[in-house]
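What follows is the residue order along each chain.
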Amino acid sequence: MSQVEQHVVHVQTGALAEVGAIIDGAAASRVYFVVDETAYIASGAAALLEPHFSNRSITRFSGFDLNPKLHDVDRGIEQFRKADPELIIALGGGTAIDLGKLIGTLACQQESAHDVIIGKAGIQCSGPPLIAVPTTAGTGSEATHFAVAYVDGTKYSVAHNALLPDYAIVDSMLTHSLPAGITAATGLDAFCQAIESIWAVGATEKSLEYATESARLSWKSLADATRNPTADARRDMCRASHLAGKAINISKTTASHALSYSITSEYGVPHGIAVAMTLSPMLAYNSQVSEFDCADSRGPEHVLNRIGLITELLGGESVAAACGKIENLISVLGCPNSLKLAGITSNTAIQRLVTQVDANRLSNNPRHMTSESLFALLSNNPAPGERGMSIP
Ligand SMILES: [Zn+2]
């Protein structure tokens with residue numbers, strides 16, 4: 001599938017003002033609004049957007065579960081069809097934006113949302129234009145043509161160009177009121193997406209450009225944005241998040257993401273933290289790539305080059321040092337940096353994670369993995385602090 005470009009992208013402080021201009025310009029009288037109500041008020045977006053909603057029919061969709069679920073998609077589709085909107089706005093974190101993508105697109109298909117999500121039916125046409133407004137700096141969902149959905153506890157990723165939001169409005173002011181825990185978890189998602197994108201089999205020169213700049217920005221500013229938030233650190237994280245979204249929109253994610261979905265659905269660990277806790281073991285694993293197990297057709301030297309780039313970005317003198325730095329960053333953010341610390345210790349629990357892993361995402365990892373190698377890696381997950389590095 002060739003990539004389509006977004007119509008309008010605004011990544012700057014104060015960018016939210018553009019939403020009003022787009023609504024007015026589109027002369028849309030019926031707007032469908034997928035909104036995380038808490039974020040809407042706390043971010044200050046409500047005060048800015050409400051004046052543009054007068055004299056228009058606004059159908060609001062809120063009260064959804066965290067991480068998109070089929071029952072919420074179905075509820076939205078029913079409401080959407082009755083409202084017959086001309087424009088969609090999705091405002092909130094990754095869940096709100098993914099729901100906006102799914103509802104707006106799947107409401108226009110003949111087949112059921114269930115069948116499209118599980119891959120039994122395809123997407124035939126696009127919905128009305130979607131304006132995506134993230135209020136967290138993490139998922140980069142406003143820049144991707146994917147949407148995650150859970151059906152009976154199983155995670156699916158729907159991919160289609162019709163899911164790419166037409167407008168992405170990234171305004172760091174909206175993240176100023178985020179509590180430290182959310183800043184850390186969402187920021188870790190952005191950081192891991194960038195690192196995974198750098199080593200992904202699907203990476204291109206373009207995705208590498210986005211991913212490298214993204215990783216550089218989150219490495220520089222995630223700890224500050226979480227512990228001592230300044231406007232600059234918030235702005236860096238918003239850029240990092242959006243760039244990581246653009247990077248994985250091309251390269252897709254790899255093993256740490258593949259593993260994370262069961263950690264989230266079974267143990268309730270926030271997405272970004274669930275991904276981050278296997279990033280250091282995966283960096284160590286991928287650094288041992290050889291011609292016998294290289295999954296990237298560009299060869300092991302290419303992969304080692306990318307691993308070298310990551311090590312350099314993190315200021316590590318060796319891969320082991322870079323691994324220690326990743327673990328320390330996660331720890332400094334107040335998050336568990338290993339499966340062990342999240343209480344996932346038994347061989348049975350680790351075996352379950354391994355059997356539930358998304359094979360497609362795993363095949364995008366630069367070094368082949370078997371169930372056995374994955375189990376060995378995760379069950380030997382070293383305890384934090386063993387490498388004794390300090391955060392930069
Ligand atoms: Zn993610």
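Residues numbered from 1 in each chain as written. Predicted model: local features only at pLDDT ≥ 70, side-chain atom pairs only at ≥ 80, totals over all residues. Heavy atoms only, no water.

Comments concerning the layout of surface pockets
Stage number 1. If you add up the space inside the largest pocket, you get close to 1100 Å³.
Stage number 2. Looking at the largest pocket, it is lined by 50 residues, and the ones nearest its centre are Leu-66, Gly-93, Gly-94, Thr-95 and Thr-139.
Stage number 3. Counting residues per element, the ones that place at least two in the lining of the largest pocket are helix 2 (37-42), helix 5 (94-106), strand 6 (146-151), helix 7 (180-199), helix 10 (255-267) and helix 11 (271-276).
Stage number 4. Each residue belonging to the lining of the largest pocket can be placed in one class, and the counts come to 19 nonpolar, 23 polar and eight charged.
Stage number 5. In terms of domain composition, the lining of the largest pocket takes at least three residues from each of domain 1 (8-174) and domain 2 (180-379).
Stage number 6. The space that makes up the second largest pocket amounts to roughly 320 Å³.
Stage number 7. Forming the walls of the second largest pocket are 15 residues, and the residues nearest its centre are Thr-154, Lys-155, Tyr-156, Gln-356 and Asp-358.
Stage number 8. Those elements that provide at least two residues to the lining of the second largest pocket are strand 7 (154-159), helix 10 and helix 16 (359-362). (1 Å grid on protein atoms, 1.4 Å probe; cavity = no way out; pocket = protein on both sides within 12 Å on 5 of 7 lines; lining within 4 Å. Points joined across faces, edges and corners; volume = space filled by probe spheres on them. Helix = DSSP H or I, 4+ residues; strand = E, 2+ residues; numbered from the N terminus. Nonpolar A, V, L, I, M, F, W, Y, C, P; charged D, E, K, R; others polar. Domains from an automatic or database assignment.)

Some thoughts on the sheet that holds strand 2 (residues 30-35)
Stage number 1. Spatially, the six strands line up as an open sheet ordered 1-8-5-4-2-3, and their pairing is parallel. Every interior strand has two partners, whereas the edge strands, strand 1 (8-11) and strand 3 (57-61), have only one. If you compare each strand with its neighbour and ignore which way they point, the axes differ by 15° on average.
Stage number 2. Here five bridges tie strand 2 to strand 3, and the two strands are oriented parallel to one another. Bridged to Val-34 within strand 3 is Phe-61.
Stage number 3. Each of strand 1, strand 4 (87-92), strand 5 (130-134) and strand 8 (167-170) touches helix 1 (residues 17-26); the most contacted strand, strand 8, lies at about 155° to it. (Pairing = 2+ DSSP bridges. Axes fitted to C-alpha atoms, helices over the stretch in contact; angles between N-to-C directions. Contact = heavy atoms within 4.5 Å.)

What to know about unusual backbone geometry
Stage number 1. One non-glycine residue, Asn-55, adopts positive backbone phi at about 70°.
Stage number 2. For Asn-55, the position within the fold is in the loop between helix 3 (45-53) and strand 3.
Stage number 3. With a phi angle near 45°, Asp-84 is a residue other than glycine that sits in the positive phi range.
Stage number 4. When you line up the elements, Asp-84 lands in the loop between helix 4 (70-83) and strand 4.
Stage number 5. Here Asp-84 falls in the partly exposed class, since its relative accessible area comes to 48%. (Buried < 20%, exposed > 50% of the residue type's maximum accessible area, 1.4 Å probe, protein only.)

Comments concerning the coordination of the zinc ion
Stage number 1. The protein atoms donating to the zinc ion are Asp-189 (OD), Gln-193 (OE1), His-257 (NE2) and His-271 (NE2), with metal-donor distances spanning 2.1 to 2.4 Å.
Stage number 2. The coordination sphere of the zinc ion comprises four donor atoms, whose angles at the metal cover 87 to 162°; the geometry is irregular.
Stage number 3. We note that the donor set of the zinc ion lies within a single chain, spaced as D-x3-Q-x63-H-x13-H. Residue Gln-193 is found in helix 7, and its partner His-257 is found in helix 10; the two are separated by 64 residues along the sequence.
Stage number 4. Overall, Gln-193 belongs to the buried group, its relative accessible area being 4%. (Donors = N, O, S within 2.8 Å, 3.2 Å for Na, K, Ca; no water. Tetrahedral: all angles 85-135°; square planar, octahedral: opposite > 155°, others 65-115°.)

Quick notes on the packing of aromatic side chains
Stage number 1. The full count for this structure, using the stated rule, is six aromatic pairs.
Stage number 2. Between Phe-33 and Phe-53, the ring centres sit 5.3 Å apart and the planes meet at 65°, which makes this aromatic pair edge-to-face. In this pair, Phe-33 is assigned in strand 2 and Phe-53 in helix 3, connecting sequence segments 20 residues apart.
Stage number 3. Judged by relative accessible area, which is 0%, Phe-33 ranks as buried.
Stage number 4. Of the residues examined, Phe-53 reaches a relative accessible area of 6% and is grouped as buried. (Phe/Tyr/Trp six-rings, centres within 6.5 Å; stacked < 30°, edge-to-face > 60°.)

These results come straight from atomic positions and should not be treated as a statement about function.
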